[in-house]
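Below are the chains, spelled out letter by letter.
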Amino acid sequence: MGWPGDQYVPYILPQEHGHRVDARQLSLTNGDGSGLAVEGLPTIGFSASHFTAADLYAARHTSDLTPRAEVVLSLDHAQRGLGTASCGPDTAQRYRLDEPAYSFAYVLRPVA
């Protein structure tokens with residue numbers, strides 16, 4: 001299936017995977033070279049998958065998943081690091097998102 005299919009991690013309980021941070025640009029193209037280019041202003045976080053977050057949340061096992069033909073691209077400014085202090089340490093302070101609001105920008109361009 002190729003990237004982003006190569007990014008899938010077969011966790012016992014399906015969950016989000018393959019998130020990238022501090023990207024300046026990315027492009028997703030098909031076999032003909034056409035697709036979408038994204039430029040972060042200045043950077044973005046992203047993931048690309050053949051599953052939606054809802055697909056992953058609804059599945060109890062990897063065998064419950066059927067990859068979509070399309071690619072689901074998620075763009076964001078940042079993600080909070082792992083940990084909630086519910087059954088272990090909390091997220092390190094530098095990986096928390098404590099501000100009441102964030103903003104980020106990006107440009108989408110078609111690739112021919």
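Since the model is a prediction, treat every value here as computed from it, not as a measurement.

The rules we used
- Per chain, the residues get numbers from 1 upward, laid out in the order the sequence is written.
- With the structure being a predicted model, the display of local features is reserved for residues of pLDDT at least 70 and the display and counting of side-chain atom pairs for 80 or more, all residues being used for whole-chain, interface and lining totals.
- Note that water and hydrogens are dropped before the side-chain values are worked out from all heavy atoms of the structure.
- Runs of H or I in DSSP of at least four residues are treated as helices and runs of E of at least two as strands, each being numbered from the N terminus.
- Only protein chains enter the area calculation, which uses a 1.4 Å probe; residues under 20% of their type maximum are buried, those over 50% are exposed, and those in between are partly exposed.
- Each salt bridge in this description consists of a side-chain nitrogen of Lys or Arg and a carboxyl oxygen of Asp or Glu lying within 4 Å of one another.
- Think of a patch as exposed residues, more than 30% relative accessible area, with no salt bridge, where like charges cluster within 9 Å and nonpolar side chains (Val, Leu, Ile, Met, Phe, Trp, Tyr) cluster within 5 Å.
- Method for areas: the Shrake-Rupley scheme with a 1.4 Å probe, in which residue coverage is limited to the protein chains shown.
- For this analysis, a polar contact is any N or O atom pair within 3.5 Å, provided that within protein one partner can donate a hydrogen and the other can accept it, and provided that sequence-adjacent residues contribute only side-chain to side-chain pairs.
- Should any heavy atoms of two residues lie within 4.5 Å, those residues are considered in contact.
- Between 30 and 60 degrees the pair is tilted, below 30 it is stacked and above 60 it is edge-to-face, where a pair is any two Phe, Tyr or Trp rings, Trp via its six-membered ring, whose centres lie within 6.5 Å.
- Note on scores: pLDDT gives the predictor's confidence for each residue, bounded by 0 and 100.
- What makes a nonpolar core is a set of buried Ala, Val, Leu, Ile, Met, Phe, Trp, Tyr and Cys residues whose side-chain atoms join them at distances within 4.5 Å.

(A) Highlighting the overall build of the chain. Regarding its fold elements, the chain presents one helix and four strands. Its helices and strands in sequence order give the chain the pattern β-β-α-β-β, from N to C terminus. Considering only C-alpha atoms, the chain reaches an extent of 50 × 40 × 20 Å along its principal axes. Burial status across the chain gives 21% buried among its 112 residues.

(B) How the structure looks around the environment of proline 100. Structurally, proline 100 is set in the loop between strand S3 (72-76) and strand S4 (106-111). A relative accessible area of 82% means that proline 100 is categorised as exposed.

(C) Structural detail: the pattern of salt bridges. This structure, assessed with the given rule, holds five salt bridges. A salt bridge links glutamate 39 to arginine 109; its shortest N-O distance comes to 2.9 Å. Of this pair, glutamate 39 sits in strand S2 (residues 35-49) while arginine 109 sits in strand S4, placing them 70 residues apart in sequence. The class for glutamate 39 is partly exposed, based on a relative accessible area of 30%. For arginine 68, the salt bridge is made with glutamate 70, and the minimal N-O distance between the two is 3.5 Å. Residue classification places arginine 68 among the partly exposed positions, given a relative accessible area of 31%.

(D) A nonpolar patch on the surface, seen in detail. A cluster of nonpolar side chains, contributed by Phe104, Tyr106 and Leu108, occupies part of the molecular surface with about 270 Å² of accessible area. For leucine 108, the location among the structural elements is in strand S4. Overall, the relative accessible area of 47% leaves leucine 108 in the partly exposed class.

(E) Looking closely at the side chain of threonine 91. As for its placement among the helices and strands, threonine 91 is situated in the loop between S3 and S4. Threonine 91 sits in the buried class, given a relative accessible area of 2%. Among the polar contacts listed, one links the side chain of threonine 91 to the side chain of arginine 80, at a separation of 3.2 Å. What threonine 91 contacts, discounting residues up to four positions off in sequence, is Arg80, Gly81, Leu82, Gly83 and Arg96.

(F) The arrangement of the packing of aromatic side chains in detail. For the structure on display, the rule yields one aromatic pair. Judged by centre distance (5.7 Å) and plane angle (35°), the ring pair of phenylalanine 104 and tyrosine 106 falls under tilted. Overall, the relative accessible area of 34% leaves phenylalanine 104 in the partly exposed class.

(G) Main features of the confidence of the model for the chain. Chain-level pLDDT for the chain is 89 on average; 96% of the residues reach the 70-or-more range. Across the chain, S4 holds the top mean pLDDT of 98, while helix H1 (residues 53-58) sits lowest at 94.

(H) Structural view of the nonpolar core. Formed by Ala23, Leu26, Leu28, Val38, Ile44, Phe46 and Ala48, the largest nonpolar core amounts to seven residues. Those elements giving two or more residues to this core turn out to be strand S1 (20-29) and S2. Sorting elements by how many residues they give to this core places S2 first, with four residues. Among the nonpolar cores identified, the runner-up in size contains five residues, and Tyr8, Leu56, Ala59 and Leu65 belong to it.

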